[in-house]
Amino acid sequence: MVDRIADIWGTRTPFAQGDRWPVRVDQVLAKGLSEQDVDRWVQSACVLCSNGCGIDIAVKDGTMVGVRGRAMDIVNHGRLGPKGLFASWQGVSNKDRLTQPLIRENGELVETDWDTAMDRIVSRSKALLEEKGPLSHGFYTSGQLFLEEYYALGIIGKAGLGTPHMDGNTRLCTATAAAAMKESFGSDGQPGSYTDIDECDAIFLYGHNMAETQTVLWARVLDRIAGPNRPMVVCVDPRSTEVARHADVHLPVRPGTNLALMHGLIREVIRNGWIDEEYIAAHTLRFEDLADKIEPWTPEAVAAECGVDAAAVVEAARIFGTSQRVLSTVLQGFYQSAQATASSCQVNNLHLLRGMIGKPGCGILQMNGQPTAQNTREAGADGDLPGFRNWENPQHIKQLAELWDVDELVIPHWAPPTHAAQIFRYAEQGSIKFLWISATNPAVSMPQLPRIREILAKPELFLVVQDLYLTETTQYADVVLPAAAWGEKTGTFTNVNRTVHLSEQAVEPPGQARSDLRIFLDYSRRMDFRTKSGRPLLDWEGPEDGFNAWRECSKGRLCDYTGLSYERLRGGSGIPWPVNEKHPNGTDRLYGDGVFPTQADAAEDYGHDLATGATVGEQAYKAMAPNGRAIFKTAQYQGAHETPDGEYPFRYTTGRTAYHFHTRTKTGRSPQLHDAAPAMWVEMAESDAGALGLGEGDMIRVESRRGHLFAPVRIANIRTGTVFAPFHYGYWDAADPAEADPQQRPRAANELTLTEWDPVSKQPVYKTAAVRVTKVADATGPAPAPTTTASRPARAGRVLATVGGAAGEVSETIAPTEPPAAPRDEVRS
């Protein structure tokens, strides 16, 4: 048995470059149960990070009682992380679950039946459509539903109502991933594969604390590091993360300076001639556009701006420029910071400069933060059109109109789709009067929370919230709908490297809770949305009908699902798209032939000016004639808009811990995960804390120009001048009434963050704000931060180690079975 709270990544199974990752099956069952007690195992995949690990659900007497990893799955080879092991089933099997619809009467939420709740929603919706039109409606969803549910919602919004005001909380975490790939390659869709870890000579992690955000993927990296021919590791992160501790080069940049660093790396690679001129000439455009932007960024200039050693910049560039196979991964440290899209595009540029794309070990993973973020973007439940179609391309609008049998004019395409921050702005101004929020908690996760609470509380805003539990957001709702959770419904979802999994229903939802798909279909039926021929717009009976409809929508697009079916996904491994006649076994990597979907009739986007966000437009894009070539893009470095000064002398940045997911509505209800990281804390460097007279666990007030919070301080390994806060903590589980009230005792990280977004991806900036710190009270004990991760104390031995004890024990079986084979590389044309 292994304590998987204390040992997050589990037992090492080293392997050599080019070998397959060995199988290790992780399993946990409810206390007192053995495998013999399990009635049946039900196939699924984990939805508590973006890795998409194959998982089986243990069922006994109609209840989920544990999980195990699926040995045959190409993603995880049987492994699971702490969140998957403990929160996947415990996080939804809780006495606090919503079991009946609620409506607001005389200022209070009271229980009601489904007909009453839906009648109230539909009557308000119809009245607003009559009075104000479709622009009165907004939808804000998640990265945690199933593909079929997103597609249903996309059709309802874009073909039923005709509103452009649709987005997901994927805007907060991975909108920049999609934007960067559209700008460089013409379309969303990850070029690389997890198998590139097995093949690479070097791994670069840009603002990506993989050890905590994708724990199983980091276990794969650790096993490569532990084996022969270990890859070099380069880490860009202001904190001393587990990634940084294993890195050959750690670049602890000042938050907000990523683009300066990237320009410096590119300058060194070009200056030393570490580029593939033939590949550049044959497969790319606008190489010359890099020259003037990168020239000022010598290693010394980068060092001065970013706060890193010039020699480390040179060494990182050398590793990238001279390694034969490099894997790059990117996440929130870039996506949620200043000039996010421009910085992320430079990662693409480095690979294009060396012709390192579409080949084993040469991957780019512009990572997701959520399990089904890819589906939100594919299916059109956010600001994108389904099937990676281009809102500026009339032929793409016509395709959807014909597919859905609706008038082209109904589908919003007269202006860019509305992003999340703008949706809340319209609600603030009063033009959006009906807002439907599903499976997300913006009262904790959006920036500048005091403002968001005021918007949600507006009496003229009709607010529908669809969720598993009462949250900080449901308290503002006019109607609350109880949703079925993972394991209580059937559907598919797609992870970071395009692998599609089927998740089967294992148990019945509690009480009257319904699947999100059933709720959306019911709304469509009650609204009587119809096609031009008079048929119901959504005549699906269940999720498999939705999947088959999606297959037709994806046909011929980069994300082609036509070769997939529920039956094919049952019993084995997930399969990476595209899957069709040309690629019947799935596709491990894209762009192996150097041909990209940048042709004007194929491109998902015509591109933007990365500094201003201005669109290139169809005419200028066609004049550029990319014709299947990738595009080098960048912008002048500007830096963060809010930087430290005499009044607010610290840089404030937010992030995750390995033990929690989002606002902890599921992970906070797992005893093992709750105990590992039970409450809010903030981190400061030892020298900064000393200057303020702070010791471990002292209560401090952290204040920005927008708000403040109170939390105990962890004296940690973080760059000087920086304050870090985990963004998971809100108010739903506060025992003290004062701590449950953000007006009295604010503790959420986003009380301080600013309302600012990247000009291209529209992703909010969470990584740069200016704050000041004041001591409030002496410590009563150490900060409630884990000691196993980047939050470990700077001085070892002064804080008790984080352990799970017997409650955190997991069985690990290192199997002699043959590891699952990845799909062979197939050329994408």
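Residues numbered from 1 in each chain as written. Predicted model: local features only at pLDDT ≥ 70, side-chain atom pairs only at ≥ 80, totals over all residues. Heavy atoms only, no water.

Engineer: Is there a simple way to think about the pattern of salt bridges in this case?
Structural biologist: A side chain of one charge can pair with a side chain of the opposite charge if their charged atoms are brought near each other. The tally for this structure, following the rule as stated, stands at 60 salt bridges. A salt bridge links R4 to E812; the nearest nitrogen and oxygen atoms lie 3.5 Å apart. Taken together, the positions of R4 in the loop between β1 (2–3) and β2 (24–29) and E812 in strand β29 (residues 809–814) put the pair 808 residues apart, joining distant regions of the chain. In this structure, E703 and R701 form a salt bridge, with 3.5 Å as the shortest nitrogen-oxygen distance. Residues joined in a network through salt bridges with shared partners are D115, D119, R514, D522, R525 and R526. (Salt bridge = Lys/Arg side-chain N within 4 Å of Asp/Glu carboxyl O. Helix = DSSP H or I, 4+ residues; strand = E, 2+ residues; numbered from the N terminus.)

Engineer: Whenever I open this one, the sheet that holds strand β11 (residues 232–236) confuses me. Can you help?
Structural biologist: Sheet strands pair by backbone hydrogen bonding; their relative direction is either parallel or antiparallel. Read from one edge of the open sheet, 5 strands run β12-β11-β10-β14-β15, paired in parallel fashion. Each end of this open sheet is capped by a strand with a single partner; those strands are β12 (249–251) and β15 (364–366). Mean inter-strand twist for the sheet, computed between neighbouring axes without regard to direction, equals 10°. (Pairing = 2+ DSSP bridges. Axes fitted to C-alpha atoms, helices over the stretch in contact; angles between N-to-C directions.)

Engineer: I'm lost on the packing of helix α2 (residues 114–131) against helix α22 (residues 516–527) in this one. Help?
Structural biologist: How two helices sit against one another is set out by the angle between their axes and by the gap between those axes. Where α2 contacts α22, the two axes come as close as 10 Å, and the packing angle between them is 55°. The angle between α2 and α22 falls in the class oblique. When you trace α2 past α22, the crossing you get is right-handed. Packed against α2, whose contacting residues are W114, D115, M118, D119, I121, V122, S125, K126 and L129, the element α22 presents I519, D522, Y523, R526 and M527 at the interface. Here the residues of the contact of α2 with α22 sort into 8 nonpolar, 1 polar and 5 charged. (Parallel < 35°, antiparallel > 145°, perpendicular 65-115°, else oblique. Left-handed = near helix turned anticlockwise from the far one by under 90°. Contact = heavy atoms within 4.5 Å. Nonpolar A, V, L, I, M, F, W, Y, C, P; charged D, E, K, R; others polar.)

Engineer: Whenever I open this one, the pairing of strand β28 (residues 769–777) confuses me. Can you help?
Structural biologist: As a general feature of sheets, a regular strand has side chains that alternate between the two faces. As judged from the 3 bridges shared by strand β23 (residues 650–655) and β28, these two strands associate in the antiparallel manner. Of the residues in β28, the one forming a bridge with F650 is V771. Bridge analysis of strand β25 (residues 699–703) against β28 gives 5 bridges, and the strand direction is antiparallel. Counted as the bridge partner of V702 is V773 from β28.

Engineer: Just checking my understanding: could you explain the sheet that holds strand β21 (residues 575–576) for this structure?
Structural biologist: Taken together, 3 strands build an open sheet; the order of strands is β19-β20-β21 and the sheet is antiparallel. A single partner strand is all that each edge strand has here, and the edge strands are β19 (491–494) and β21. Two elements, β19 and strand β20 (residues 499–503), share 4 bridges in a ladder whose sense is antiparallel. Within β20, the residue paired with G491 across the bridge is S503.

Engineer: Which parts of the structure should I look at to understand the packing of aromatic side chains?
Structural biologist: In the structure shown here, the tally under the stated rule is 25 aromatic pairs. Taken together through their ring pairs, the aromatic side chains of F139, F434, W436, F462, F520, Y523 and F529 make up a single cluster. The ring of F724 is capped by R239, whose NZ or CZ atom sits 3.5 Å from the centre of that ring. Between R669 and the ring centre of W732, over which it is positioned, the NZ or CZ distance is 4.0 Å. (Phe/Tyr/Trp six-rings, centres within 6.5 Å; stacked < 30°, edge-to-face > 60°. Lys NZ or Arg CZ within 6 Å of the ring centre and 35° of its normal.)

Engineer: How should the environment of A796 be read in this particular structure?
Structural biologist: Tracing the backbone through its elements, the reader meets A796 in the loop between β28 and β29. By relative accessible area, which is 74% here, A796 ends up exposed. It is 47 Å that separates the C-alpha atoms of A796 and G592, two residues lying 204 residues apart in sequence. (Buried < 20%, exposed > 50% of the residue type's maximum accessible area, 1.4 Å probe, protein only.)

Engineer: Honestly, the side chain of H137 in this entry has me stumped. Any pointers?
Structural biologist: Note that H137 resides in strand β8 (residues 137–141). At 2.7 Å, the side chain of H137 and the side chain of S125 are in polar contact. Look past the residues within four positions of H137 in its chain and what remains in contact with it is S125, L128, L129, L161, T163, H165, I432, F434 and Y523. (Polar contact = N/O pair within 3.5 Å; in protein donor to acceptor, adjacent residues only side chain to side chain.)

Engineer: Help me understand unusual backbone geometry in this model?
Structural biologist: With the exception of glycine, the majority of residues adopt a negative phi angle, and the majority of peptide bonds are in the trans configuration. With omega at 0°, the peptide bond leading from W577 into P578 counts as cis. The phi dihedral of Q339 falls on the positive side, at around 50°, and the residue is not glycine. Assignment of secondary structure puts Q339 in the loop between α15 (332–335) and α16 (340–354). Residue Q339 is classed as buried on the basis of its relative accessible area of 10%.

Engineer: Teacher, can you tell me more about the environment of S791 here?
Structural biologist: Along the chain, the position of S791 falls in the loop between β28 and β29. C-alpha separation for the pair S791 and S240, spaced 551 residues apart in sequence, amounts to 8.5 Å. Not counting residues within four places of it along the chain, the set of residues in contact with S791 comprises R239, W681, E683, R714, A785 and P786.

Engineer: Looking at this structure, I do not really get the packing of helix α5 (residues 175–185) against α16. What am I missing?
Structural biologist: Interaxial distance between α5 and α16 falls to 9 Å at its minimum, and their mutual angle equals 50°. The angle between the axes of α5 and α16 places the two elements in the oblique class. α5 and α16 meet at a crossing whose hand is right-handed. The residues of α16 that touch α5, namely those facing T176, A179, A180, M181, E183, S184 and F185, are A340, T341, S344, C345, N348 and L352. Here the contact of α5 with α16 is built from residues that sort into 7 nonpolar, 5 polar and 1 charged.

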